[in-house]
Amino acid sequence: MAWIYLIIASFGEIFGVMSINLYLRHKSIGWLLAIIGTFGGGFIFLSMAMREIPLGTAYAVWTGLGAVGAVLIGILFFKESAGWKRILFLFCIITGAVGLKVLGG
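Keep in mind that what you see is a predicted model, and the values were worked out from it rather than measured.

Could you give me a rundown of unusual backbone geometry, with the residues and numbers involved?
Outside of glycine, negative phi angles account for most residues, and trans bonds account for most peptide bonds. You will see that K27, though not glycine, has its phi angle at about 35 degrees, which is positive. Turning to its location among the elements, K27 is positioned in the loop between helix 1 (2-26) and helix 2 (29-49). Even without glycine at this site, K79 takes up a positive phi of about 60 degrees. With respect to the secondary-structure elements, K79 resides in the loop between helix 3 (55-77) and helix 4 (84-102).

Here's what the structure looks like:
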């Protein structure tokens, strides 16, 4: 269950960063509350995951999946570039996260 919590926490990170971008574009109290809610929820689930997953592994996977998700959101919704080098290194991050899970997280 801890790994599911960690994935949910990563979505908090992804949507939190997306909310920051939307807040900077539209500056409304709604987007400000979305930032607080998404990051807050992400931290709650991260703390739940860390009850069973070691700190270093949990943090690395959380930030890695958050980074990958944020880049994909940028590509899909904010017209950021999707060059092959970017995709290659996203794959490296995902491979590292999976490796941490498979090899002892």
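Requested: an account of the nonpolar core, with residues and values cited.
Nonpolar side chains in soluble globular proteins tend to end up buried together. Core analysis: the biggest nonpolar cluster contains 11 residues, these being A2, W3, L6, A9, L46, A49, I53, A58, V61, W62 and A97. When residues of this core are assigned to their parent elements, the largest contribution, 4 residues, is made by helix 1. Leaving out residues up to four positions away in the same chain, L46 has contacts with L6, A9, A58 and W62. Residues I14, M18, L22 and F78 belong to the second largest nonpolar core, which totals 5 residues.

The rules behind these values
Residues numbered from 1 in each chain as written. Predicted model: local features only at pLDDT ≥ 70, side-chain atom pairs only at ≥ 80, totals over all residues. Heavy atoms only, no water. Helix = DSSP H or I, 4+ residues; strand = E, 2+ residues; numbered from the N terminus. Core = buried A, V, L, I, M, F, W, Y, C linked by side-chain atoms within 4.5 Å. Buried < 20%, exposed > 50% of the residue type's maximum accessible area, 1.4 Å probe, protein only. Contact = heavy atoms within 4.5 Å.

On their own, these measurements won't tell you what the molecule is for.
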